[in-house]
Amino acid sequence: MWEKRSKGMLAFVMLTAGLVYVQMTLFVVQFIFHVHMPANLFNVCIEFLRFIGFPVRINVMLFLLLTSLLLSLAVWLREGIASFRWRKLLHRCLDPDLSQAIGEEHGLGPQALTVIDHPDQVAMTVGLLRPRIVLSTGLICELSESELAAVMAHEKYHLSERHPLKIFLLTLVGTTFWYIPIYRWLIGKYKMLIELMADRQAVRATGSVADLGSALLVMLKRGTSATLVPSSAPFADNAINLRLKLLVDPHFKPPLRPPLIPCIVSLIAFVFVVFGIG
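As the structure is a computational prediction, the values presented were derived from the model and not from experiment.

> Describe the packing of aromatic side chains, and please don't skip the residues or the numbers.
In this structure the tally under the stated criterion is 5 aromatic pairs. Seen from their ring centres, Tyr21 and Phe177 are 4.9 Å apart, and the 65° between their planes marks the pair as edge-to-face. With Tyr21 in helix 1 (residues 2–33) and Phe177 in the loop between helix 7 (163–176) and helix 8 (182–206), the pair connects residues that are 156 residues apart, well separated along the chain. By relative accessible area, Phe177 is classed as buried at 0%. Here the aromatic rings of Phe177 and Tyr179 are separated by 6.1 Å at their centres, their planes lie at 65°, and the arrangement is edge-to-face. Following the ring pairs from residue to residue traces out a cluster consisting of Tyr21, Phe177, Trp178, Tyr179 and Tyr183.

Structural data, given as structure tokens:
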């Protein structure tokens, strides 16, 4: 059930955001080159607002376009800077012997696992196109072998599903289209669901709830790393209390009902921007 919901959320966000991107592109082409675009529904939106007496001007639509463009560029820039700094940290702190030893133990090659010599508690999957699991010696020293196996099984699920790329795309959409608030709710729930599914995979792989729960408590007690890549899938950076509750009570159902007001606001914004009315 969680798999279907998470895939549905991802498909909904990407499809609707794609429609908005297409309409914005058509509007920009029309505005710059003065070419009439009969399929551009931004025009329908503007004409309808004027018809009902709303004093909308072309400047309002340009404001939405400009802020969307600037915010989109800001997300790409932030990701690029963070990724550059992260690669420097990996190169400087790489522990090749421990990386090879743990990789061989868990069936991962050198391109899929990196262990860094760092005191922070680091366990995450990073990388948009070539994802890899990153662990720190500070975390490894705190965990037992069975707890480390649970953490590895959790992160291997993120690795196989390429979650860092999906998180980046969702973050890009949520930041760019700030005027569609339901995106932020969907993104938060998507991150929660993929953590729950990764936890479930870890329990299946280790056959124990206790190891995963104790590893989460270690991360919660010691604190997570401050050196996080924006588009990453950290082991203990999202919905920890909910995850612990589900480990104790597997029948507990996480809250997934969308809030009413963001839904209404988002529907109005989406219809105005993409479909128009009339």
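Anyway, onward from the coordinates.
> Report on the side chain of Arg132, specifying residues and quantitative values.
With respect to the element layout, Arg132 can be found in strand 3 (residues 132–136). Here Arg132 occupies a buried position and makes no salt bridge, while the nearest side chain of opposite charge, Glu155, is found at 12 Å. Separated by 3.5 Å, the side chains of Arg132 and Gln111 make a polar contact. The residues contacting Arg132, other than those within four sequence positions of it, are Leu90, Pro110, Gln111, Ala112, Leu113, Thr114, Met124, Thr125, Val126 and Leu159.

Cut-offs and rules
- Residues numbered from 1 in each chain as written.
- Predicted model: local features only at pLDDT ≥ 70, side-chain atom pairs only at ≥ 80, totals over all residues.
- Heavy atoms only, no water.
- Phe/Tyr/Trp six-rings, centres within 6.5 Å; stacked < 30°, edge-to-face > 60°.
- Helix = DSSP H or I, 4+ residues; strand = E, 2+ residues; numbered from the N terminus.
- Buried < 20%, exposed > 50% of the residue type's maximum accessible area, 1.4 Å probe, protein only.
- Lys, Arg positive; Asp, Glu negative; His and termini not counted.
- Salt bridge = Lys/Arg side-chain N within 4 Å of Asp/Glu carboxyl O.
- Polar contact = N/O pair within 3.5 Å; in protein donor to acceptor, adjacent residues only side chain to side chain.
- Contact = heavy atoms within 4.5 Å.

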